[in-house]
Amino acid sequence: MTEPVLRMEGVRKSFGDALVLDGVDLTVAPHEVVALIGASGSGKSTLLRCINLVERIDDGRIWLGDLDISDPRIAADRVRARIGVVFQQFNLFPHLRVIDNVTLASRAVLRIPRAQAEATALALLDRVGLADRARAYPDRLSGGQQQRVAIVRAIATNPELLLLDEITSALDPELVAEVLDLVRELKGDGTTIVMATHEMAFARDVADRVVFLDGGVIVEQGPAAQVFTRPQHERTRTFLSRFLGPA
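A quick note: this is a predicted structure, and the numbers were derived from the prediction, not measured.

What counts and how
Once a new chain begins, its residue numbering starts again from 1 and follows that chain's sequence as written. Only residues with pLDDT of at least 70 get local features here, since the model is predicted, and only at 80 or more are side-chain atom pairs given and counted; chain-wide, interface and lining totals rely on the full set of residues. To obtain the side-chain values, all non-hydrogen atoms of the structure were used and water was disregarded. Stacked, tilted and edge-to-face are the three classes assigned to paired rings of Phe, Tyr and Trp, where Trp is represented by its six-membered ring and a pair needs centres within 6.5 Å; plane angles under 30 degrees give stacked, over 60 edge-to-face, the rest tilted. As a reminder, the over-ring test applies to NZ of lysine and CZ of arginine, requiring each to be within 6 Å of the ring centre and within 35 degrees of the ring normal. The criterion for strand pairing is that DSSP finds at least two bridges linking the strands in question. Numbering of helices and strands runs from the N terminus; a helix is a DSSP stretch of H or I covering at least four residues, while a strand is a stretch of E covering at least two. Here the axes come from fitting lines to C-alpha atoms, over the contacting stretch only for helices, and the angles between their N-to-C directions go from 0 to 180 degrees. Whether two residues are in contact is decided by their heavy atoms: any pair within 4.5 Å suffices. Under the scheme applied here, a residue whose accessible area is under 20% of the maximum for its type counts as buried, over 50% as exposed, and between as partly exposed, the area being computed with a 1.4 Å probe on protein chains only.

**Details of the packing of aromatic side chains**
Then, in step 1: Scanning the entire structure with this criterion turns up one aromatic pair.
Then, in step 2: Of note, Arg7 hangs over the ring of Trp63, and the distance from its end group to the ring centre comes to 3.9 Å.

**Observations regarding the sheet that holds strand S6 (residues 83-86)**
Then, in step 1: Here six strands make up an open sheet; going across it, the order is S6-S7-S8-S3-S9-S10 and the pairing mixed. Of all strands in the sheet, those bounded by a partner on one side alone are S6 and strand S10 (217-223). Along the sheet, successive strands turn relative to each other by an average axial angle of 15°, direction set aside.
Then, in step 2: Pairing of strand S3 (residues 33-37) with strand S9 (residues 209-214) involves four bridges; the strand directions are parallel. Residue pairing for S9: Ala35 is matched across the bridge by Val210.
Then, in step 3: Of the strands in this sheet, S6 and strand S7 (161-165) touch helix H5 (residues 143-155), which is tilted by about 170° from S6.
Then, in step 4: In the packing of helix H6 (residues 173-188) onto the sheet, the strands contacted are S3, S7 and strand S8 (193-196), and the crossing angle to S8 comes to about 155°.

**Here we look at the environment of Leu36**
Then, in step 1: Inspection of the secondary structure assignment puts Leu36 in strand S3.
Then, in step 2: Residue class for Leu36 comes out buried when judged on its relative accessible area of 0%.
Then, in step 3: Leu36 sits 66 residues away from Val102 along the chain, and the two C-alpha atoms are 26 Å apart.
Then, in step 4: Non-local contacts of Leu36, meaning those with residues more than four positions away in its chain, are made with Lys44, Leu47, Leu48, Val194, Met195, Ala196, Thr197 and Val211.

**Let's talk about unusual backbone geometry**
Then, in step 1: We note that Leu53 has phi near 65°; this positive angle belongs to a residue other than glycine.
Then, in step 2: Checked against the element boundaries, Leu53 lands in the loop between helix H1 (44-51) and strand S4 (59-64).
Then, in step 3: The class for Leu53 is buried, based on a relative accessible area of 6%.
Then, in step 4: At Asn158, a position not held by glycine, the phi torsion is positive, near 55°.
Then, in step 5: Secondary-structure assignment places Asn158 in the loop between H5 and S7.
Then, in step 6: You can call Asn158 exposed: its relative accessible area is 68%.

**A look at the sheet that holds strand S5 (residues 67-68)**
Then, in step 1: One open sheet holds the four strands; their spatial order is S2-S1-S4-S5, and the pairing between them is antiparallel. Sheet topology places strand S2 (18-28) and S5 at the edges, where each strand pairs with a single neighbour.
Then, in step 2: Relative to S2, strand S1 (residues 6-15) runs antiparallel, the two being bridged by eight bridges. Counted as the bridge partner of Ser14 is Leu19 from S2.

As structure tokens, this is what we get:
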């Protein structure tokens, strides 16, 4: 059997008295696209932040491949070098040109020579139609262009796992499609992705599996077509009816 890229068992996370993740079990196979859906405050972003060790879990275990990354002795930078992350906000360094934003991790963390890192970055930027903006600063780009650069930066190190946290929520509606089209391309390339999204139609069309979180608990998960057309739980049906009409 192929080893999972990601495995979470009994993961719990609280902030003070607020229990945000309550016994989450999740396994992600190689090349799988998993969409996390749920209302604001359901735990989607916290789950992603725990995977990337921005937040340390209170209980349970998380494996990246065969490495137990919930072990407090594990260096977070060692783990993050294997994971690409794109957040709601673009988080590009404003004082660095696009090419330098994209190559920073390759050069500083992986110690890839500048010429090699820049060649890879230019090829990726060309793929998303931004090679001509490589020497520009982020404030000269539109929101959609900045988010595409952020995605290119996340995949430039060829990560084992890509985490996408509501990457269209800060974009004007007309810019959403260009970013989602890039995610579709990444899926076609076989990229392993866990994404939190409020774009229900996109999750239905692109995700291999949909996971519905409510109150820090996985209420339901399954193939996208099943969850969206034949949800098994009343809480799932109620949530989806706000976006798609009665299930």
